[in-house]
Each structure stands twice: as C-alpha cells, then as structure tokens.
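# Overview (structure and organization)
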Amino acid sequence: MSAGSETGRRYGFVKPGLTRLFMAVDAAGGLLAGRKRDPRPRRAPERILLVNLAHFGDVLLTTPAAASIRAAFPHAHLAMLVGPWSASVVANNPRLDEILVHAASWWDRDRGSPYLVAGEFRRLIGMLRRGRYDAVVNFKSFAQENLAAALARIPHRLGYGIYGGGFLHTTCVAFPWGAHTVEQHATLAAALGASSADPVPEIFPSDEDVRIVEEWLAGAPRPLFALHLGAGAPAKMWPVDRFAEFARLAEDRWRAHTVLVGGGGEEALAARYRRLAPEPARD
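Given the structure is predicted, the values throughout are model-derived calculations rather than measurements.

### Some points on the overall build of the protein chain
Looking only at helices and strands, the protein chain features 10 helices and 8 strands. Considered along the principal axes of its C-alpha atoms, the protein chain spans approximately 65 × 45 × 35 Å. When each of the 283 residues of the protein chain is scored for burial, the buried share is 44%. In the protein chain, the share of contacts with a sequence separation of at least 24, taken over all contacts with a separation of at least 6, comes to 62%. Surface summary for the protein chain: the accessible area is close to 15,100 Å², and the carbon and sulfur share equals 57%. Counting 34 positive and 28 negative side-chain charges, the protein chain places the centres of these two groups 10 Å from one another.

Right, here's the structure in full:
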C-alpha cells in the first residue's frame, strides 16, 4: 500500500470501535507521515529484526519467511523478537543470530491481554534501540509494535496496517486477505527483497529433545499419528470426539497408532480422548 493511502484500509479488528478509532488515527497520521516516508532502504540492511509476538502456531508459520530472508541477506545480523510463550519454537534455529524475548501485554492471555503497560512498553523500546537495527519486519503489525519500532528509530519499518498504526511503517504492504498465514508472512519477506522459499515450517529440536522422544517412542508400533488436542484458545480447538473418530479411521485403514502430544493443563482433554478412542500408543 502506498504512502498516504491510510483511508479506506480494511482492518482485522473484531470490535467495530477499534476499527473506527484507528481509521481516524491512521488518517491523521498518514497525512503527517506521508511527507517523511522513505519506502526503500538506501542500502542492503545489515541488522534485521523480525517481529512476531503472537503465540506458538503463528510463530512457527513465520519460519519459512525467516529462512527466505536469511537466504536473501546471508551476511546480515538476523534477530527475531518473540514472546516467552513461543520462544521454544525458534530455539536452535540456525537462520537466526539472535532471539529477543518480550512478554508483550497485548498478547499475554494469562493477564487478559491488557492493551498497554507503560513500564513494559518503555523497556521494549529500549531493547529495540540497543539492537541498532536498520530494518524491522513486523509480521503481525499491531499498533503497539509499530509504535515501538518507530520510537526506537529503526529507519526501515515494514509491515501490514490491519491492526492500526500502518502510517508508522516506512513500507506498508497490502494485506493478502484469504491467503494462508505462511503466504501472508512470505509477502512481507518479499517486500524486503527475499524471494519465495520452501513454504514448509521449520523447527530444530535439541539433541536432548531428540533423545527424550526416542526413549518415549522406543518399541512403539508403526505407523504413528501424532494428535495435538489442545490450543491456546477454545475457538481454535477441534472437538475431541473428532480426534477419536480420526483415530478409529486411521486404525481401520492403515493399522496406524496414535500418540497424544500437548502441554500442561491439557490432561483433561487427554482423559476425555481416552474414553472415546482406543488407548493411544503413547501419551
């Protein structure tokens, strides 16, 4: 999206009040920022920051974009800012030189996602300033994150404007509505100058992770299907009885066995699954 085209933007907010608020804010901000925008960096960025403060699944779907940016800028320092709830997704990722962790209040489900906590926000700005980044790619582009990058004086700021503050980007990209999340993230990587990459997400378990899983699965019959019953929010969860039905189909068609994977607090889901389906090979 070109500079100064903040009006008429489609937003991703659920609440109409937030849409009206940011339509007004972005229209006013766009008039001021439009005169100052420099949409292209004057040289290849040497210190790039990727931002995705969302939760586990979304950060995982950012990894193909990170790989393509690394391929496009092999000598750049590539950092990624994530929340503590998803830091394990990018741990050991060889594409990244640095991982920054910040518990952004607006993503913190345990605290009810408060919109802004002043002291924490100041610490975020300070963290970004100390990094001396010359380009930032914000994959979720929440207004708070856009403002922090601008106040940290990162000169090239790239992202979408669907959650407000798009005028704070130096390059505001039109959001590809209807595209898969991997493709949405790839669109931002392409705007920085990275070409399309393998769309398969990446995760790099440690040697200890591999050892533990091999012990857990020792002697388990094959083939195996891993079923993840839980999610970070109820709206994202598939009904447990459908997982159980899938397990029955997998056993009938492929003589397959199931493994339940999950996190703390999901024991009740696993117990319900076991009441509905054959006992899994491993829990």
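### Some thoughts on the packing of helix H9 (residues 240–254) against helix H10 (residues 267–276)
Between H9 and H10, the shortest axis-to-axis distance is 9 Å and the interhelical angle comes to 45 degrees. Here H9 lies oblique to H10, going by the angle between them. As for the relative orientation of H9 and H10, their crossing is right-handed in sense. Residues Val240, Asp241, Phe243, Ala244, Ala247 and Arg248 of H9 form the contact with H10, whose own contacting residues are Leu269, Arg272, Tyr273 and Leu276. The residue inventory of the contact of H9 with H10, partitioned by class, reads 7 nonpolar, no polar and 3 charged.

### Quick look at the sheet that holds strand E1 (residues 47–51)
With parallel pairing, the 6 strands of this open sheet are ordered in space as E3-E2-E1-E4-E5-E6. The open sheet terminates on both sides in strands that have one partner only, identified here as strand E3 (98–101) and strand E6 (171–172). Strands E1, strand E2 (77–82) and E3 of the sheet are contacted by helix H5 (residues 118–131), whose axis makes an angle of about 175 degrees with E2. Against the sheet, helix H7 (residues 181–192) contacts E1, strand E4 (135–138) and strand E5 (156–159), and its axis sits at roughly 150 degrees relative to E5.

### Details of the pattern of salt bridges
Inspection of the entire model under this criterion finds 9 salt bridges. Of the charged contacts, one joins Glu202 and Arg95 as a salt bridge, the two residues approaching to 2.4 Å between their closest N and O atoms. Taken as a pair, Glu202 in the loop between H7 and helix H8 (207–216) and Arg95 in the loop between helix H4 (87–90) and E3 lie far apart in primary sequence, 107 residues in all. Judged by its relative accessible area of 16%, Glu202 is buried. Here Glu215 and Arg211 are joined by a salt bridge, their closest N and O atoms 2.6 Å apart. Highlighted residues: Glu215 and Arg211, both in helix H8, separated by 4 residues, approximately one helical turn.

The rules we used
Residues numbered from 1 in each chain as written. Predicted model: local features only at pLDDT ≥ 70, side-chain atom pairs only at ≥ 80, totals over all residues. Heavy atoms only, no water. Helix = DSSP H or I, 4+ residues; strand = E, 2+ residues; numbered from the N terminus. Buried < 20%, exposed > 50% of the residue type's maximum accessible area, 1.4 Å probe, protein only. Contact = heavy atoms within 4.5 Å. Areas by Shrake-Rupley, 256 points an atom, 1.4 Å probe, with all protein chains shown as cover. Lys, Arg positive; Asp, Glu negative; His and termini not counted. Charge placed at Lys NZ, Arg CZ, Asp CG, Glu CD. Axes fitted to C-alpha atoms, helices over the stretch in contact; angles between N-to-C directions. Parallel < 35°, antiparallel > 145°, perpendicular 65-115°, else oblique. Left-handed = near helix turned anticlockwise from the far one by under 90°. Nonpolar A, V, L, I, M, F, W, Y, C, P; charged D, E, K, R; others polar. Pairing = 2+ DSSP bridges. Salt bridge = Lys/Arg side-chain N within 4 Å of Asp/Glu carboxyl O.

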